[in-house]
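# Breakdown of the fold
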Amino acid sequence: DGGITQSPKYLFRKEGQNVTLSCEQNLNHDAMYWYRQDPGQGLRLIYYSQIVNDFQKGDIAEGYSVSREKKESFPLTVTSAQKNPTAFYLCASGSGQGASDTQYFGPGTRLTVL
Amino acid sequence: QKEVEQDPGPLSVPEGAIVSLNCTYSNSAFQYFMWYRQYSRKGPELLMYTYSSGNKEDGRFTAQVDKSSKYISLFIRDSQPSDSATYLCAMSAGRDDKIIFGKGTRLHILP
């Protein structure tokens, strides 16, 4: 059953803690993306990776970090430097080159900072 | 002027009606246009993907692009309560450019 999985579905974090959100895909896609979605706002690109061991900052990368050690996996770490981390985080993947490729989304992780 | 404008709604229509969802944009370089459907607390799913101008039909859904007016539309025929969701338009200029998303329109189909 092909697709994109994100875990956990809900995550609670205390202020000052780093947390890592998981994203895995078995679609054999080269490109993977992380977005943040806030109420009343569109999707905002955090980071993206077009190939293993390479990634680029998106529009709101400050306070976040990523790694791409395997084609299937693109974890996102929300660090304590992120001022307002409570949001819905979406991972996506695509088969082509470049960020304009059609993207397929995972189910999302809702992060709440207590 | 924002790159992509989309009325947030909510838009409420009776079951069986034709729904029209729209986005306007300012960047004349946009060539790739997408519509995503997002149910509450779920990730967006791709509904329609079009390149350049024209119409594309898939079942009850029709995507329309008018590049001269910088205007795209999604029509839903014979709307169903299961169509109730947020619809996001998205577009980009080319393969090496990022995708710009609209903020989404919340749609309610009333049984």
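Residues numbered from 1 in each chain as written. Chains lettered and ligands numbered in written order. Predicted model: local features only at pLDDT ≥ 70, side-chain atom pairs only at ≥ 80, totals over all residues. Heavy atoms only, no water.

## Some details on the pattern of salt bridges
Test applied: The salt bridge definition used is simple: a Lys or Arg side-chain nitrogen within 4 Å of an Asp or Glu carboxyl oxygen. A helix here means a DSSP run of H or I that spans at least four residues, while a strand means a run of E at least two residues long, and both kinds are numbered starting from the N terminus. Throughout, exposure labels follow a simple rule: accessible area from a 1.4 Å probe, protein chains only, divided by the maximum for the residue type, with under 20% read as buried, over 50% as exposed, and the rest as partly exposed.
Under the definition given, this model contains 7 salt bridges over all chains. Across the salt bridge formed by Asp59(A) and Lys98(B), the nearest N and O atoms sit 2.3 Å from each other. Taken as a pair, Asp59(A) in the loop between strand 6 (54-57) and strand 7 (64-66) and Lys98(B) in the loop between strand 9 (85-92) and strand 10 (100-101) lie in two separate chains rather than in one. Overall, Lys98(B) belongs to the partly exposed group, its relative accessible area being 33%. Among the salt bridges present, the one from Arg60(B) reaches Asp83(B), with a minimum N-O distance of 2.9 Å. With Arg60(B) in the loop between strand 6 (54-58) and strand 7 (61-66) and Asp83(B) in the loop between strand 8 (71-76) and strand 9, this pair connects stretches of sequence that are 23 residues apart. Each of Arg36(A), Asp38(A) and Arg44(A) takes part in one network of salt bridges that share partners.

## Some details on the interface of chain B and chain A
Test applied: Between two residues, a contact is recorded if the distance between any of their heavy atoms is within 4.5 Å. Summed over both partners, the accessible surface that disappears when two parts come together, traced with a 1.4 Å probe, is what is meant by buried area. We define a polar contact as two N or O atoms separated by no more than 3.5 Å, with the added condition that, inside protein, one atom must be a possible hydrogen donor and the other a possible acceptor, whereas residues neighbouring each other in sequence contribute only through side-chain atom pairs.
Residue-level contacts link 19 residues of chain B with 25 residues of chain A. When chain B packs against chain A, the two sides together hide about 1700 Å² of surface, and 52% of this comes from carbon and sulfur. The tally of links from chain B across to chain A stands at 1 salt bridge. Between chain B and chain A we count 3 residue pairs in polar contact (both at pLDDT 80 or more) in total.

## Some words on the pairing of strand 5 (residues 43-51) of chain A
Residues and elements named next belong to chain A. Selection rule: DSSP calls a pair of strands paired once it identifies at least 2 bridges connecting them.
Looking at chain direction, strand 4 (residues 31-37) and strand 5 are connected through 6 bridges and run antiparallel. When the sheet's bridge partners are listed, Arg36 is paired in strand 5 with Arg44. Taking the residues that link successive antiparallel strands as the turn, the strand 4-strand 5 hairpin has 5 residues, and the phi of Gly40 there is positive, at about 80°. As defined by bridge partners, strand 5 adjoins strand 6 across 3 bridges and the pair is classed as antiparallel. The residue bridging Tyr48 from the neighbouring strand is Gln56, located in strand 6. As consecutive antiparallel partners, strand 5 and strand 6 are separated by 2 residues, and within that stretch Asn53 has a phi angle of approximately 70°, a positive value.

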